[in-house]
Amino acid sequence: MKVLVIGGGAREHALCRSLSLDPDVTALHCAPGNAGIAEVAELHGVNPLDGAAVAELAAGLRADLVVVGPEAPLVAGVADAVRDRGIPVFGPSAEAARLEGSKAFAKDVMAAAAVPTARSYVCTTAAEIDAALDAFGAPYVVKDDGLAAGKGVVVTEDIEAARAHALACVSPPRAAAAGTADTEGQAVIEEFLDGPEVSLFAVTDGETVVPLQPAQDFKRAYDGDAGPNTGGMGAYSPLPWADPKLVDEVMATVLQPTVDELRRRGTPFSGLLYAGLAITSRGVRVIEFNARFGDPETQVVLARLTTPLAGLLHAAATGTLAALPPLRWSDGAAVTVVIASHNYPDTPRTGDPIEGLADVAEQDAPEAYVLHAGTKRDASGAVVSAGGRVLSVTATGADLTAARRRAYRAVDRISLDGSQHRTDIAAKVADEPAEETAGEAAPRA
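Residue numbering note: each chain is counted from 1, following its sequence as written. The model is predicted, so local features are restricted to residues of pLDDT at least 70 and side-chain atom pairs to those at 80 or more, both for listing and for counting; the totals for chains, interfaces and linings are taken over all residues. Heavy atoms throughout the structure, all of them, feed into the side-chain values; hydrogens and water do not.

- An unreviewed UniProt entry lists the chain under the name Phosphoribosylamine--glycine ligase, with Streptomyces kasugaensis as the source organism.
- According to UniProt, the comment filed for the chain under the heading Pathway (unreviewed entry) is "Purine metabolism; IMP biosynthesis via de novo pathway; N(1)-(5-phospho-D-ribosyl)glycinamide from 5-phospho-alpha-D-ribose 1-diphosphate: step 2/2."
- UniProt positions are given in the numbering used here, feature names are shortened, and annotations may be inferred rather than shown by experiment. Regarding the chain, the relevant UniProt record gives this comment under Catalytic activity (unreviewed entry): "5-phospho-beta-D-ribosylamine + glycine + ATP = N(1)-(5-phospho-beta-D-ribosyl)glycinamide + ADP + phosphate + H(+)".

Right under this line is the structure:
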């Protein structure tokens, strides 16, 4: 089949890499892509938020499947535009994507479906904010109702910092992510959930739900889970500490009920349903839903999936998931380490040359490889940084210790002036110390 992937980050590079290895994929395209994706797919300079342009490109390519990677195009209705042209698309409608686009909407769906989640208040005024913060106490959890690229959550012991973030969320008018509608001017204030976090993806066609393997990501910028929230600084899979029954429990109490509730409402969810979970002292609780593959968890989950990806995504897009055989997985492990630009997650520096990519390809492949996130080629053809998170260095191994060592060996080959990365990704589960001092990011020459 001919496949078109929409997006240009490391998640889309991971998707394109897996699709390029699928013998059923005869042609692979990506819009807009990046310097790394260009090595496995033909790139097209189409705005991923322009539904009409994406649909026209898909029709012109005679694509058999369109895979929409990021959340902003989904919330903007790009999948709807493609679907209206009669082309199978992996990704929910704009209405169903509100599950990620509005945390207040997600809370309403969870309440109706009896999905376990944190108690919360949706606030629109300063008085409501103060009452909610007083009701829950520290640590305070304040979330932007709309899309915020993984950085719209504040967890703090400081009530003034929590209040300031909540007030910023409710101050209208404030534009949401590019290409989406303005936010509702709402903040969601929740009780704090204790315990480790887990990311669990599920592929669904709106009725059948097929869970993938769980992963854990690292949201904080610095070692020891210190520093500000980011889009994600690394991930690993599998989770040796997790209950073997975890996936079955989440399927029964979270994923299937949510899909059933959205279908009952007349807005069936077809695509990738991502449940961010906390394993609390009181049981599993949903932290948030996303309407697409997560980044950087996708990098490690797809590294372990041995079932061809195109057939799985096409089945979800065409309502035939129930006919697929069970998914197949490698017995090993995978670890991803994100290399980020100078000053990330604040305003990142871009345009710096990236060196060492060829060394990883020559000396570490196929067990370790580099997935591009924020990269492009400059006028001379050199690969340079073009975003906050620049690269996802991914490695596989017989276990997490082997995968982790390979990932960091590959990281050490890469040079990007002023960049940073965490040194403790999967360190605890691999029973290995971090390479640098906890509480800061490792600088890179």
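**Remarks on the sheet that holds strand β8 (residues 153–156)**
Right, so step 1: Strands pair, by our definition, only if DSSP identifies at least two bridges between them. Put simply, DSSP H or I for four residues or longer makes a helix, DSSP E for two residues or longer makes a strand, and each gets a number counted from the N terminus. An order of β6-β9-β7-β8 is seen for the four strands of this open sheet, with the pairing classed as antiparallel. Each edge of the sheet is formed by a strand with only one pairing partner; in this case those strands are β6 (120–123) and β8. For this sheet, the mean inter-axis angle between neighbouring strands, taken without regard to orientation, is 20°.
Right, so step 2: Should any heavy atoms of two residues lie within 4.5 Å, those residues are considered in contact. To obtain each axis, a line is fitted to C-alpha atoms, and for helices this fit is confined to the stretch in contact; angles are then taken between N-to-C directions over 0 to 180 degrees. Against the sheet, helix α6 (residues 103–113) makes contact with β6, β7 (140–144) and β9 (187–190), and its axis sits at roughly 50° relative to β9, the strand it touches most.

**Quick look at the domain arrangement of the chain**
Right, so step 1: Domain start and stop positions are those given by an automatic or database domain assignment. Taken domain by domain, the chain holds domain 1 (2–91), domain 2 (123–185) and domain 3 (197–431).
Right, so step 2: Just the C-alpha atoms count here: the centres of domain 2 and domain 3 sit 26 Å apart.

**Regarding helix α8 (residues 159–170)**
Right, so step 1: Here α8 contains twelve residues, and its C-alpha end-to-end distance of 17 Å stays within 8% of the 16 Å for a straight helix at 1.5 Å per residue.
Right, so step 2: Turning to α8, its buried residues number three or more, namely Ala162, His165, Ala166, Cys169 and Val170. Each buried residue of α8 lies within a common arc of 130° when the element is viewed along its axis, so the set occupies one face.
Right, so step 3: On its buried side, α8 packs onto β6, α7 (126–136), β7, β8 and β9.
Right, so step 4: Here a polar contact is taken to be a pair of N or O atoms separated by no more than 3.5 Å, where protein atoms must pair a possible hydrogen donor with a possible acceptor and residues adjacent in sequence count only if both atoms sit in side chains. A side-chain oxygen of the first residue of α8 lies 2.9 Å from the backbone nitrogen of glutamate 160; this N-cap is aspartate 158. A helix is expected to span 1.5 Å multiplied by its residue count minus one. Each residue is placed in one exposure class: buried if its accessible area under a 1.4 Å probe, protein chains only, is under 20% of its type's maximum, exposed if it is over 50%, and partly exposed if it falls in between. Think of it as the arc spanned by the lines of direction from the helix axis to the C-beta atoms.

**Brief notes about the nonpolar core**
Right, so step 1: The nonpolar core is taken to be a set of buried Ala, Val, Leu, Ile, Met, Phe, Trp, Tyr and Cys residues, with the residues joined through side-chain atoms within 4.5 Å. The biggest cluster of nonpolar side chains holds 76 residues, and the ones touching the most others in it are Val66, Leu99, Leu255, Val335 and Ile414.
Right, so step 2: Sort the elements by how many residues they give to this core and helix α9 (residues 246–264) lands first, with eight residues.
Right, so step 3: When residues of this core are assigned to domains, at least three fall in each of domain 1 (2–91) and domain 3 (197–431).
Right, so step 4: By size, the runner-up hydrophobic cluster in this structure holds 42 residues, among which are Val210, Leu309, Leu371 and Ala373.

**A closer look at the environment of glycine 234**
Right, so step 1: Structurally, glycine 234 is set in strand β15 (residues 234–237).
Right, so step 2: According to the relative accessible area criterion, glycine 234 is buried, its value standing at 0%.
Right, so step 3: Between the C-alpha atoms of glycine 234 and aspartate 217, which are 17 residues apart in sequence, the distance is 5.6 Å.
Right, so step 4: Excluding its chain neighbours within four sequence positions, the residues that come into contact with glycine 234 are Gln216, Asp217, Phe218, Pro296, Thr336, Val338 and Ile425.

**Digging into α7**
Right, so step 1: Within α7 the residues assigned to the buried category are Ile129, Ala132, Leu133 and Phe136. Taken around the axis of α7, the buried residues stretch over an arc of 95°, which confines them to a single face. Facing away from the buried side of α7 by more than 90 degrees, the exposed set consists of Ala127 and Asp134.
Right, so step 2: On its buried face, α7 sits against β6, β7, α8 and β9.
Right, so step 3: Directly after α7, the chain includes glycine 137, whose backbone phi takes a positive value near 75°.

**Let's talk about the pairing of β9**
Right, so step 1: Burial of β9 is two-sided: the residues Ala187 and Ile189 facing one way and the residues Val188 and Glu190 facing the other way are all buried.
Right, so step 2: Sheet analysis places β6 next to β9, joined by four bridges and oriented antiparallel. Bridging across to β9, cysteine 123 finds its partner in alanine 187.
Right, so step 3: Bridge count between β7 and β9: four bridges; the pairing is antiparallel. Residue pairing for β9: aspartate 144 is matched across the bridge by alanine 187.

**Some words on the packing of helix α1 (residues 10–20) against helix α10 (residues 297–304)**
Right, so step 1: Contact geometry for α1 and α10: axes closest at 8 Å, N-to-C directions at 15°. Compared by their axis directions, α1 and α10 come out roughly parallel. Considering how the two elements wind past one another, α1 and α10 form a crossing that is left-handed. Between α1, through Ala10, Arg11, Ala14, Leu15 and Ser18, and α10, the contact on the second element is made entirely by Thr298, Gln299 and Leu302. In this scheme, roughly parallel covers angles under 35 degrees and roughly antiparallel covers those over 145, while 65 to 115 is roughly perpendicular and the rest are oblique. For any pair of crossing helices, the crossing counts as left-handed if the nearer helix is rotated counterclockwise from the farther one by less than a right angle, and right-handed if it is rotated clockwise.

**Structural notes on empty space enclosed by the protein**
Right, so step 1: In this analysis the probe radius is 1.4 Å and the grid spacing 1 Å, with only protein atoms considered; a cavity is a set of points the probe fits into but cannot get out of, a pocket is an open set with protein on both sides within 12 Å along at least five of seven lines, and lining residues have an atom within 4 Å of a point. Grid points are joined across faces, edges and corners, and a volume is the space filled by probe spheres set on the points. Summed over all chains, the structure comprises one cavity of 30 Å³ or more.
Right, so step 2: Volume-wise, the largest cavity comes out at about 30 Å³.
Right, so step 3: Every residue along the wall of the largest cavity is listed here: Leu15, Val68, Gly69, Leu74, Phe90, Gly91, Pro92, Leu272, Ala291, Arg292 and Phe293.
Right, so step 4: Among the residues making up the lining of the largest cavity, the classes are represented as eight nonpolar, two polar and one charged.
Right, so step 5: For the lining of the largest cavity, the domains that each give at least three residues are domain 1 (2–91) and domain 3 (197–431). By the convention adopted, Pro, Cys, Tyr, Trp, Phe, Met, Ile, Leu, Val and Ala count as nonpolar, Lys, Arg, Asp and Glu as charged, and the other residues, Gly among them, as polar.

**Digging into the packing of α7 against α8**
Right, so step 1: One way to put it is that α7 packs onto α8 with a least axis distance of 10 Å and a crossing angle of 140°. For α7 against α8, the interelement crossing comes out right-handed. For the pair α7 and α8, contact is made by Ala126, Ile129, Asp130, Leu133 and Asp134 and by Ile159, Ala162, Arg163, Ala166, Leu167 and Val170, respectively.
Right, so step 2: Grouping the constituent residues of the contact of α7 with α8 by class yields eight nonpolar, no polar and three charged.

**Comments concerning the sheet that holds strand β1 (residues 2–7)**
Right, so step 1: As summarised here, the arrangement of the five strands in space is β3-β2-β1-β4-β5, forming an open sheet in which the pairing is parallel. Only two strands of the sheet have a single neighbouring strand rather than two, namely β3 (42–43) and β5 (89–90).
Right, so step 2: Where β1 meets strand β2 (residues 27–32), six bridges bridge the pair, whose relative direction is parallel. Directly across from glycine 7, in β2, lies its bridge partner proline 32.

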